[in-house]
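# Remarks on the overall topology
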Amino acid sequence: MTSESTKVAPTKTSELRKVVPLGRNKYGNNTILTSHYSMANFLPKNLYEQFSKPANCWFAILAVLQTMPKITTTGQIPVTLLPLTVIIFANGLKDAIEDWRRHMSDKVENTRKALRLSKAGEKEAMTQWCDLEVGNIIAVMANEYVPADMVILTCGHPEGHVFVETANLDGETNLKVKECQTKLFQLMGSNDTLEAALGVVQQLGGELECDNPNEFLYNFTGTLDAKMGSTDLKVALDADNLVLRGCKIKQVPWTLGMVVYTGKQTKIQMNSRERKSRKLSHLEQQLSSLTLAIFALQVVLCLIAASMSVAFESNKSNFELTYLNLADINGDPETHPAVSFVIRFFNFIILFANFIPISLLVSVNFLKFFHIFFMYGDDDMIYVADKDEIIRCMPRTSDLNEEMGQIEYVFSDKTGTLTCNKMDFRKFSVNGIVYGEGVTEIKKNVMLKMGQKVSADPVVPPGGRRTPNVDLVDNKLDALLKKASGKQYEDVVTFLMHLA
């Protein structure tokens, strides 16, 4: 079985992309689009998705049946058309609002600014992300996101290392190390400031050959034929020299890179599956199944009722009951039994229409829509990014609200099968206050290597309770738990409850 990280990216000559630094490369701009609808296709596309639900199709058929003269039981007035219209309009309005929010999110993303150097001899300028092109050289500062997939040319680290956070790609918050190609970094020279590095990069010429856009996050192969003044240098590039869109630069004051993939051709976008249709939650799938089951039961009952009605109308003894209008003046049946069966079947279909409650669909859709506002206002679902920045839960769609917290599969990864993974709970910190005396095994090993004296492990006081694999000893923690009051106590108890 081959994992994604070991797949080999295409490297055939016919499949190579050629990029000229600071030149015109016709590979499209850096615009991204995550919305599902546009002004042109919203109405037909949304109506198609609405009527892909069995219940909506059923009520549309009922509205048509109610307008047919011999079948109708409502005086040819489509009484189900009004509630059906309300449902379609409400769902369409909800989808329009949700997609408008996606458009606004795309606009914010596309209009972010980056420092770009687009042509040799021109001064660098702040440019919107959407206007970036392949071959541009961009500067990304510390704690800024990378706007497009770029090859590192030089950076503010003395050894050419760039530390990136890839939480947007793989969910991991630990920093990964990328680096500028060693010979290329030496060619650029040591630059203490970004301005000096930009002056050097403006002289860069040559050509980069690399893989065509692909979805392999951990594969990249390229060759840069760099020319700077009278110096020609040909270097090989790999995935360690490529920083992907969505990564955040950390612990490096500035990084200069050349854009190689933009927009939909970036690796993170190529790994995003295009949304082909609405996602259905388990609740909607069950509602659709129950709707079909109720419809099947309704059909059976209508068949039985239509058969009994035709038998009653075909009984000659009932022909004498003139007020029923079962026979003409010659004593023959008004309608052929087969035709009468079809008419009566649809009559009963309309009469039994309430078997499938249309009010249920209205209630479910409105409840799911208003549920979004409760999720957004929940103070327990916020992320504190910085001291002055609080990010609340922002649902992009209400289709899957009830799926939150529903766990169907649990995947686990076991490592260290040939070693003994023994973990002891020694320390924890709440609100900046550290609890737990002594040092960890890692700290002990570091202190020993540095020639420092390692103190003995703390001992549980007489009468104290010892929990297996818990070597946490702290008198101030014991005093706080005995006090059992105050905000710090509540926060510590909350932490321990979550830990348990």
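What comes next is a walk through the structure. (Residues numbered from 1 in each chain as written. Predicted model: local features only at pLDDT ≥ 70, side-chain atom pairs only at ≥ 80, totals over all residues. Heavy atoms only, no water.)

## A short note on the pairing of strand 6 (residues 161-165)
Under the convention used in this document: Only protein chains enter the accessibility calculation, which uses a 1.4 Å probe; a residue whose area is less than 20% of its type maximum is buried, one above 50% is exposed, and one in between is partly exposed. Numbered from the N terminus, helices here are DSSP runs of H or I no shorter than four residues, and strands are runs of E no shorter than two. DSSP calls a pair of strands paired once it identifies at least 2 bridges connecting them.
Burial of strand 6 is extensive: five of the five residues sit out of reach of the surface. Burial along strand 6 is two-sided: His161, Phe163 and Glu165 facing one way and Val162 and Val164 facing the other are all buried. With three bridges joining them, strand 6 and strand 12 (residues 248-250) adopt antiparallel strand pairing. Bridging from a neighbouring strand, Val164 pairs with Ile249 of strand 12.

## Some points on the pattern of salt bridges
The condition that has to hold: Every case where a carboxyl oxygen of Asp or Glu lies within 4 Å of a side-chain nitrogen of Lys or Arg is listed as a salt bridge.
Considering all chains together, one arrives at twelve salt bridges under this definition. Its salt-bridge partner being Arg112, residue Glu109 comes within 3.9 Å of it at the nearest N-O pair. Overall, the relative accessible area of 31% leaves Arg112 in the partly exposed class. As a salt-bridge pair, Asp170 and Lys176 come within 3.4 Å of each other at their nearest N and O atoms. A single network of salt bridges, built from pairs that share partners, joins Lys53, Glu284, Lys368 and Glu402.

## Topic: the sheet that holds strand 1 (residues 16-19)
For clarity, the cut-off: Axis definition: a line fit to C-alpha positions, over the contact stretch in the case of helices; interaxial angles, taken between N-to-C directions, run 0 to 180 degrees.
The antiparallel open sheet is built from four strands, whose spatial order is 1-8-9-10. The open sheet has two free edges, formed respectively by strand 1 and strand 10 (231-237), since each of these has just one partner strand. Strand-to-strand twist of the sheet, defined as the mean angle between neighbouring strand axes without regard to direction, takes the value 15°. As judged from the four bridges shared by strand 1 and strand 8 (residues 205-211), these two strands associate in the antiparallel manner. Across the sheet, residue Lys18 finds its bridge partner in strand 8, namely Glu209.

## Concerning the nonpolar core
The test is simple: Residues belong to a common nonpolar core when they are buried Ala, Val, Leu, Ile, Met, Phe, Trp, Tyr or Cys residues joined through side-chain atoms within 4.5 Å. By definition in these notes, contact holds between two residues if any of their heavy atoms fall within 4.5 Å.
Grouped together as the largest cluster of nonpolar side chains are 54 residues, with contacts concentrated most on Leu208 and Leu256. When residues in this core are grouped by element, the largest group, six residues, is from strand 13 (residues 254-261). Excluding its chain neighbours within four sequence positions, the residues that come into contact with Leu208 are Arg17, Lys18, Val19, Val151, Thr223, Leu224, Leu237, Met258 and Val260.

## Thoughts on the sheet that holds strand 12
The sheet built from three strands is open, its strands ordered 7-6-12 with antiparallel pairing. Across the chains shown, the open sheet's two edge strands, defined by having one partner strand only, are strand 7 (175-179) and strand 12. Within this sheet the neighbouring strands show an average axis-to-axis angle of 45°, counted without direction.

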